[in-house]
Amino acid sequence: MEATKKVTGKSVKKWLGNNAIIVLMLAVSLIVGIIHPNFFALANIINLFKNVSIRYIIALGISGCLITTGNDLSAGRLAGFAACLACIFAQTEGAAGKFYPNMPTLPTPVVFILVIAICAIVGLCNGLVVSYLKVQPFIATLGMQQVVYGICLVYTGGTPIGSLNKNFTSLASDTILGIPVLIVIALIVAACFWFLYNKTRHGKYMYAIGGNEAAAEVAGVNVYATKIRIYILASCMFGLAGCLLAAKSGGASVNTAQGYELDAIAASTIGGVSTTGGVGTVPGILVGVLVFSSVKIISYLKEQKDTERINDNINQDFISPDDTAGDTDTDGDSTDGDSQETKKPVKKDEESIKVDFTAMQAKYPDVVGYVYSANTTLQLPIVQSADEGGEYYLYRDIDGKDNKNGTVFLDIRCNSDFTSQNNLIYGHNMKTGMMFASLMNYKSQSYYEAHPYFYLYTPNQTYKVNLFAGCIVDHDADVYATSLSDSYLQQCINESTFKSGSGVPTGSILTLSTCDYDFDNARYVLMGELIPVKNPADTSSEG
């Protein structure tokens, strides 16, 4: 019998050297898991692998190009184009704004076949240009990236495409034996690639070309045909990834998957694929994608901490309890409860606060208000900016730094003093419970009864927001207009997730909007009537 190998310092050192990335990933994950216990939550792990699945497929597609000393910079744009095509083919019949109104909804397998076939043509073009025209892969695929983007932009008109067939979008939520379909598909693709790379003539030719193209050609390898197959296969993978991304997102636009090619190249390189060619494994690519995605999650958790710190600083520096009495004047300044006029004394109210807008706006000029609900997480500043079409703060914190949590912001179409008929405020529904995640609680009648109102502070006026409806709507519903009819408001009341007993409001409205996951492109909106008050402790001016 063969003697069991002894574990020595040298063997341990060698093993650590060969698996340094895996060890580092596990160590960092452990540290992050200790700092953020929800990092190891089952839902977070599943979500991580679902996100990794799509990026892994793209990385597998691009790996063949890298192994043969090539590249494919068209990956992201082609995946985005594929997502747009998939959405067009999978749109529900009769949907508002359907791209082709008279085209029936295609079966999901047909959607995948058509999209992948179209992408294969793009891959064929890449392969021919690289092989026969001898254009450097970097230049050839960079040019194709711009061509694909231009075609997609002209074809779709830059309009987001949604309203997808549920049979198509269910791929993102369905499971097989408890395993999400996205992960199952990625595992099947990985198994096929492992077999292709290790057990077929094509795989041997690919590694030979990457090691020494001239020697491979002398040895009888059809270099041109092999490269063409590699680029066609890569584009097919981008097409598949685009379809899955469309199903997962519930829609697509020209910017879908933008930059994914750089993520895939970085992940492949981290996973051991050599940019000089001839080296790379399917398991190694998986490790690279996992490491890259883990780094992104860690970065996101850091952004979460930054958001918490900023909100804490705002609450500490500009928000204070208001122990003063209020009066019935509705035109007073909400930043000062100490008017020189004689006031009607009111009892101390824990819901009553003072907001120092003068100091806050000196530091954050875009601040237009502050929303406050006692004993909840709905205590946030509101900003408004015309930059980037009014969406400047969608993925930026109040300091203007990139942050996935974003900042709660007022629709640019609305007046900054909240005098529009329907004042729209947007915020993310973060799974950490931050930003507008607490709005989901209003799907419960008991929660509404415990929190039937909150307050909106502005530099010139304080409002009590009496809630009258909370609805699940589509992303392009009529509620996003700045003026709503009485009949539509009554419809919102009828369809509300809670029953307020209120009639149609006669004054201005505040509508808070966030993402919902009941169906594709769903939003949850919380609607309340703005009742001017001098001080939250005083409600005598509500009428």
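Residues numbered from 1 in each chain as written. Predicted model: local features only at pLDDT ≥ 70, side-chain atom pairs only at ≥ 80, totals over all residues. Heavy atoms only, no water.

1. Re the packing of helix α4 (residues 75-90) against helix α5 (residues 108-131)
How two helices pack is summed up by the angle between their axes together with the distance between the axes. In contact at an axis separation of 9 Å, α4 and α5 are set at 145° when each is read in the N-to-C sense. Of the two possible hands of crossing, α4 and α5 adopt the one that is right-handed. Seen from α4, the contacting residues are Leu-78, Phe-81, Ala-82, Leu-85, Ala-86, Phe-89 and Ala-90; seen from α5, they are Val-111, Leu-114, Val-115, Ile-118, Cys-119 and Val-122. Classifying every residue of the contact of α4 with α5 by side-chain character gives 13 nonpolar, no polar and no charged. (Axes fitted to C-alpha atoms, helices over the stretch in contact; angles between N-to-C directions. Helix = DSSP H or I, 4+ residues; strand = E, 2+ residues; numbered from the N terminus. Left-handed = near helix turned anticlockwise from the far one by under 90°. Contact = heavy atoms within 4.5 Å. Nonpolar A, V, L, I, M, F, W, Y, C, P; charged D, E, K, R; others polar.)

2. Comments concerning the pattern of salt bridges
Counted under the stated rule, the structure contains 8 salt bridges. For the salt bridge of Asp-411 with Arg-413, the shortest nitrogen-to-oxygen distance reads 2.9 Å. Classification of Asp-411 as buried rests on a relative accessible area of 8%. Connected via shared salt-bridge partners are Glu-388, Arg-396 and Asp-402. (Salt bridge = Lys/Arg side-chain N within 4 Å of Asp/Glu carboxyl O. Buried < 20%, exposed > 50% of the residue type's maximum accessible area, 1.4 Å probe, protein only.)

3. What to know about the pairing of strand β8 (residues 422-426)
The element β8 is extensively covered by neighbouring structure, given that 5 of its 5 residues are classed as buried. Burial along β8 is two-sided: Asn-422, Leu-424 and Tyr-426 and Asn-423 and Ile-425, pointing in opposite directions, are all buried. The pairing of strand β7 (residues 409-410) with β8 spans 2 bridges and is antiparallel. Within β8, the position partnered with Leu-410 by the bridge is Ile-425. The pairing of β8 with strand β11 (residues 509-515) spans 5 bridges and is parallel. Note on β11: the bridge partner recorded for Leu-424 is Thr-511. (Pairing = 2+ DSSP bridges.)

4. Observations regarding unusual backbone geometry
Across the chain, the bulk of peptide bonds are trans and the bulk of non-glycine residues have phi less than zero. With a phi angle near 60°, Lys-134 is a residue other than glycine that sits in the positive phi range. If you trace the backbone, Lys-134 turns up in the loop between α5 and α6 (137-156). On the basis of relative accessible area, Lys-134 is assigned to the exposed category, the value being 53%. Unusually for a residue other than glycine, Leu-177 sits at a positive phi of about 55°. Mapping Leu-177 onto the fold places it in the loop between β1 (175-176) and β2 (179-180). For Leu-177, a relative accessible area of 85% corresponds to the exposed category.

5. Remarks on the nonpolar core
Residues Val-115 and Phe-168 are the most contacted members of the largest nonpolar core, which totals 84 residues. Those residues in contact with Val-115, other than ones at most four positions away along the chain, are Ala-82, Leu-85, Ala-86, Phe-89, Gly-239 and Cys-243. With 67 residues, the next largest nonpolar core counts Val-355, Tyr-370, Ile-382 and Leu-456 among its residues. (Core = buried A, V, L, I, M, F, W, Y, C linked by side-chain atoms within 4.5 Å.)

6. Brief notes about the packing of aromatic side chains
Across all of its chains, the model carries 14 aromatic pairs by this definition. Centre to centre, the rings of Phe-193 and Tyr-197 are 5.5 Å apart; their planes meet at 75°, and the pair counts as edge-to-face. Taken together, the positions of Phe-193 and Tyr-197, both in helix α8 (residues 181-199) and 4 residues apart, correspond to about one turn of that helix. Neither residue differs from the other here; Phe-193 and Tyr-197 are each classed as buried. Ring centres of Tyr-453 and Tyr-455 lie 5.7 Å apart, and the angle between their planes is 75°; this geometry places the pair in the edge-to-face category. Looking at Arg-55, its charged tip hangs above the ring of Tyr-260, at a distance of 4.1 Å from the centre. The positively charged end of Arg-77 is found above the aromatic ring belonging to Tyr-149, 3.9 Å away from the centroid. (Phe/Tyr/Trp six-rings, centres within 6.5 Å; stacked < 30°, edge-to-face > 60°. Lys NZ or Arg CZ within 6 Å of the ring centre and 35° of its normal.)

7. Overview of the side chain of Gln-461
Among the structural elements, Gln-461 can be located in the loop between β9 (453-457) and β10 (462-474). Classification of Gln-461 by relative accessible area gives buried; the value is 9%. Within the structure, the side chain of Gln-461 is placed 3.0 Å from the backbone oxygen of Val-533, a separation counted as a polar contact. (Polar contact = N/O pair within 3.5 Å; in protein donor to acceptor, adjacent residues only side chain to side chain.)

8. Focus on the environment of Ala-79
Relative to the helices and strands, Ala-79 resides in helix α4. Spatially, the C-alpha atoms of Ala-79 and Met-237 are 8.5 Å apart, while their sequence positions differ by 158 residues. Among all residues touching Ala-79, those that are not within four sequence positions of it are Ile-58, Phe-238, Gly-242 and Ala-257.

9. Concerning α4
If you check α4, its first and last C-alpha atoms are 22 Å apart, about what 16 residues at 1.5 Å a residue would give, namely 22 Å. Taking burial as the measure, the 16 residues of α4 include 16 buried ones, the bulk of the element. (Expected span 1.5 Å × (residues − 1).)

10. Looking at α8
Side chains three or four residues apart in an α-helix point the same way, a direct result of the helix having 3.6 residues per turn. Between its first and last C-alpha, α8 extends 26 Å over 19 residues, near the 27 Å set by a 1.5 Å rise per residue. Turning to α8, its buried residues number three or more, namely Val-181, Leu-182, Ile-183, Val-184, Ala-186, Val-189, Ala-190, Phe-193 and Tyr-197. Residues of α8 that are buried sit in contact with α3 (42-67), β1, β2, α9 (201-211), α11 (223-249) and α13 (282-318).

11. A word on the pairing of β10
Of all 13 residues in β10, 10 are buried, a share of seventy percent or more. Of the strand pairs in this sheet, β9 and β10 are connected by 5 bridges, and their pairing is antiparallel. Each residue of the ladder has a partner; that of Tyr-457, found in β10, is Thr-462. Hairpin connection, β9 to β10: the antiparallel pair is bridged by 4 residues. In the sheet, β10 pairs with strand β12 (residues 522-533) via 12 bridges, with the strands oriented antiparallel.

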